[in-house]
Amino acid sequence: MYIIVEDDPSVADALESLLSGAGLPVRVFASAEELIHSAALTADDTMIVDLGLPGMSGGELVRHLEKAGANPKVIAISGKSSRTIARETEGLSDLKILRKPPSADWLEAITA
Amino acid sequence: MGEQEDRRTAVSEARFESLLDTAADGIIVIDDTGRMLVFNKICERLFGYTAQEAIGQNVSLIMPPEFSMSHDRFMSNYHRTGERRIIGIGREVSGMHRDGTVFPLELSVGEAKTADGRQYIGVLRDLRSRRAVEQRVSQLQAQVVHMTRLSAMDEMGAAMAHELNQPLTALLLYLQAVARQVKACHADGKPPSDKMLDVLDKSVQEAERASHIVQRMRQMVEKRDPERATVDLREVVNEALDLSEFVAQGATVTIRRVFGMTPIHVDADATQIQQIILNLLRNALEVAKESEERWVKVSIGSDDRSAFVSVTDSGPGFSEDVGKSLFRTFSTTKKSGMGLGLAISRAIAQNHGGDLMADPGGNGQGATFTLMLPMHRPDDAEDDTWG
């Protein structure tokens with residue numbers, strides 16, 4: 001299952017179109033809190049998370065999931081500067097980062 | 001009694017001498033014809049004459065010629081009318097050193113009636129150090145203004161990058177999605193589905209969202225209350241260059257100013273024009289810094305319709321491709337990202353009825369950016385051209 005956590009509805013919808021268009025199973029959440037309340041992730045899942053979520057940030061969500069023992073594959077997306085991204089993902093291992101706006105095919109990057 | 005009196009006088013004179021020489025201010029005593037009777041140590045330093053040289057001469061010796069002419073007239077006027085122009089009041093005047101240097105002085109004058117007639121005591125304070133402080137303060141203020149202007153442009157750039165990111169991301173992802181589906185349909189020999197048209201519609205919406213953001217920014221630039229006035233372009237540009245030179249103190253790039261003698265009047269918001277000039281200058285200085293000759297030339301000219309400000313650097317110029325994309329909002333050849341600055345600058349110029357043009361140079365020629373503004377026409381000054 002592919003899990004999208006993105007507060008911008010257009011970006012979330014576009015991402016969903018891209019993944020579901022390729023026949024992949026997708027669920028969309030608008031916030032970290034919404035995801036935590038309604039879904040449990042496993043190591044088989046891939047979570048695509050915006051680092052700049054309002055409320056619990058993307059980085060905090062990843063830390064929270066690690067602590068809870070869920071180990072999905074994580075792809076972080078962000079429109080911020082590389083320095084900010086480095087700060088927000090400090091201490092997080094095994095994290096693929098995709099920067100907004102996309103400069104390459106994201107489907108390939110996500111499913112690789 | 002005579003002997004005692006002489007001794008008392010001698011003691012009093014000795015005290016007076018030592019007072020004169022320890023005073024922190026210049027002290028001069030003149031008689032009612034303007035002849036100097038006392039010229040203390042500080043005066044020797046201030047004016048470059050020894051007391052021996054000065055005493056006995058007219059006080060006009062230490063004034064710039066334009067003041068010395070009127071001094072005699074002031075004195076005789078005072079003697080005739082008793083009207084006080086300076087005595088007991090004090091004012092700022094100009095003094096002149098032996099070497100011709102004219103400098104500001106604060107002068108207070110007292111009057112003494114003596115057995116030898118009226119005498120005037122002048123106390124002089126050199127104002128140059130105070131001036132230097134004042135100048136420094138105003139320079140720092142200018143620097144703050146300059147920084148504020150530049151950072152406003154940078155902040156706008158950062159804000160726009162942030163805002164444009166979301167619609168552009170969505171747009172590109174929709175297009176990636178639809179491109180994949182088109183390819184898949186094509187491979188299966190099927191016609192495009194409604195779903196694909198739906199995704200295309202959405203991508204158009206996202207493109208519109210991005211363009212609304214750009215329009216909003218344009219309004220910020222254009223709809224700011226214009227403070228248009230008829231100004232001499234040379235003065236406006238000069239001020240911008242002074243600001244920039246001050247901030248770049250110690251920099252190794254020479255700024256050459258090629259200005260004509262006649263005023264060039266344009267109807268413009270001086271602050272906005274200075275923003276453009278500062279922006280062009282910052283680009284040019286950055287390029288020139290890396291070049292061998294290290295200069296930036298700023299020239300101003302006009303024909304009967306338009307005024308021009310050109311900024312040329314000693315750099316290598318840029319390729320035609322770069323030239324074409326220069327004014328695109330985020331394009332830049334440098335890390336600091338001045339592409340947005342150029343786009344805003346051009347928007348400001350066009351809003352003034354002018355334009356901003358780039359000559360890429362190359363083959364040993366540096367790049368030239370030219371700001372064009374319509375000349376002020378006295379006839380239609382009240383015309384509602386700016387709507």
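Residues numbered from 1 in each chain as written. Chains lettered and ligands numbered in written order. Predicted model: local features only at pLDDT ≥ 70, side-chain atom pairs only at ≥ 80, totals over all residues. Heavy atoms only, no water.

(A) Quick look at the interface of chain A and chain B. Each side of the interface is counted separately: chain A has 20 residues, and chain B has 17 residues. The contact between chain A and chain B buries some 1600 Å² in all, and 54% of this surface belongs to carbon and sulfur atoms. Between A:D13 and B:K202 there is a salt bridge, and its shortest N-O distance comes to 2.7 Å. Residue assignment for the side of chain A that touches chain B shows that the elements contributing at least two residues are helix 1 (9–21) and helix 5 (106–111) of chain A. At nine residues, helix 1 of chain A tops the list of elements feeding residues into the side of chain A that touches chain B. Tallied by class, residues from the side of chain A that touches chain B come to nine nonpolar, five polar and six charged. (Contact = heavy atoms within 4.5 Å. Buried area = accessible area lost by both parts, 1.4 Å probe. Salt bridge = Lys/Arg side-chain N within 4 Å of Asp/Glu carboxyl O. Helix = DSSP H or I, 4+ residues; strand = E, 2+ residues; numbered from the N terminus. Nonpolar A, V, L, I, M, F, W, Y, C, P; charged D, E, K, R; others polar.)

(B) Molecular detail of the environment of A:Y2. Residues and elements named next belong to chain A. With respect to the helices, strands and loops of the structure, Y2 is situated in strand 1 (residues 2–5). With 18 residues separating them along the chain, Y2 and S20 place their C-alpha atoms 9.4 Å apart. Those residues within four positions of Y2 in sequence are excluded, and the remaining contacts are L19, L24, P25, V26, R27, T46, I48, I110 and T111.

(C) Just the environment of A:G59, in detail. Residue and element names in this part refer to chain A. Following the sequence through the fold, G59 ends up in helix 3 (residues 58–67). Of the residues examined, G59 reaches a relative accessible area of 3% and is grouped as buried. Taking the C-alpha atoms as reference, G59 lies 8.7 Å from V49; in sequence the two are 10 residues apart. Aside from chain neighbours lying at most four places away, what touches G59 is L51, E88 and L92. (Buried < 20%, exposed > 50% of the residue type's maximum accessible area, 1.4 Å probe, protein only.)

(D) Representation of the sheet that holds strand 7 (residues 254–258) of chain B in the model. Residue and element names in this part refer to chain B. One open sheet holds the five strands; their spatial order is 7-9-10-12-11, and the pairing between them is mixed. Every interior strand has two partners, whereas the edge strands, strand 7 and strand 11 (355–359), have only one. The average angle at which neighbouring strand axes cross in this sheet is 15°, direction not considered. Taken together, the five bridges between strand 11 and strand 12 (residues 368–374) define a ladder with antiparallel strand orientation. Across the sheet, residue M357 finds its bridge partner in strand 12, namely T370. Helix-sheet contacts for helix 8 (residues 270–289) involve strand 7, strand 9 (295–302), strand 10 (306–313), strand 11 and strand 12, and the interaxial angle to strand 10 is about 25°. (Pairing = 2+ DSSP bridges. Axes fitted to C-alpha atoms, helices over the stretch in contact; angles between N-to-C directions.)

(E) Layout of the layout of surface pockets. Residues and elements named next belong to chain B. For the largest pocket, the calculated volume is near 600 Å³. Considering the residues around the largest pocket, the lining is formed by 27 residues, among which M63, H71, I86, L107 and V109 are closest to the centre. Listed by contribution, the elements that provide at least two residues to the lining of the largest pocket are strand 1 (26–31), helix 4 (65–81), strand 3 (91–96), strand 4 (102–114) and strand 5 (117–126). A total of five residues in the lining of the largest pocket trace back to one element, the largest contributor, which is helix 4. Within the lining of the largest pocket, the residues separate by chemical class into 19 nonpolar, four polar and four charged. (1 Å grid on protein atoms, 1.4 Å probe; cavity = no way out; pocket = protein on both sides within 12 Å on 5 of 7 lines; lining within 4 Å. Points joined across faces, edges and corners; volume = space filled by probe spheres on them.)

(F) Spatial organisation of the pattern of salt bridges. Evaluation of the coordinates by the stated rule reveals 18 salt bridges over all chains. Across the pair B:E53 and B:R98 runs a salt bridge, and its minimum N-O distance is 2.9 Å. One end of the pair, B:E53, is in helix 3 (residues 51–54); the other, B:R98, is in the loop between strand 3 and strand 4, with 45 residues separating them in the sequence. On the accessibility criterion, B:R98 (45% relative accessible area) is partly exposed. Here B:D355 makes a salt bridge to B:R346, at a shortest N to O gap of 3.3 Å. The partly exposed category is assigned to B:R346, whose relative accessible area is 24%. The structure contains a network of salt bridges with shared partners spanning A:E6, A:D50 and A:K100.

(G) Region of the structure containing the pairing of strand 3 of chain B. Sheet topology note: the strand 3 of chain B/strand 4 of chain B ladder contains six bridges and is antiparallel. Its bridge partner being in strand 4 of chain B, B:R91 is matched across the sheet by B:L107.

(H) Structural view of the sheet that holds strand 5 of chain B. Residues and elements named next belong to chain B. Read across the sheet, five strands follow the order 2-1-5-4-3 without closing on themselves; strand pairing throughout is antiparallel. One side of each edge strand has no neighbouring strand; the edge strands of this open sheet are strand 2 (36–39) and strand 3. When strand polarity is set aside, the average angle formed by the axes of neighbouring strands in this sheet is 35°. Where strand 1 lies against strand 2, three bridges are found, and the strand directions are antiparallel. Across the sheet, residue I28 finds its bridge partner in strand 2, namely F39.

(I) Up close: the confidence of the model for chain B. All names here are of chain B. In this model, chain B carries an average pLDDT of 80, and 80% of its residues clear a pLDDT of 70 or more. Here residues 329–338 is modelled with pLDDT under 50, and outside its nearest four sequence neighbours on either side it reaches 21 contacts, counting other chains as well. Confidence drops under pLDDT 50 across residues 381–387; counting only partners more than four residues distant or on other chains, this segment forms six contacts. (pLDDT = per-residue confidence, 0-100.)

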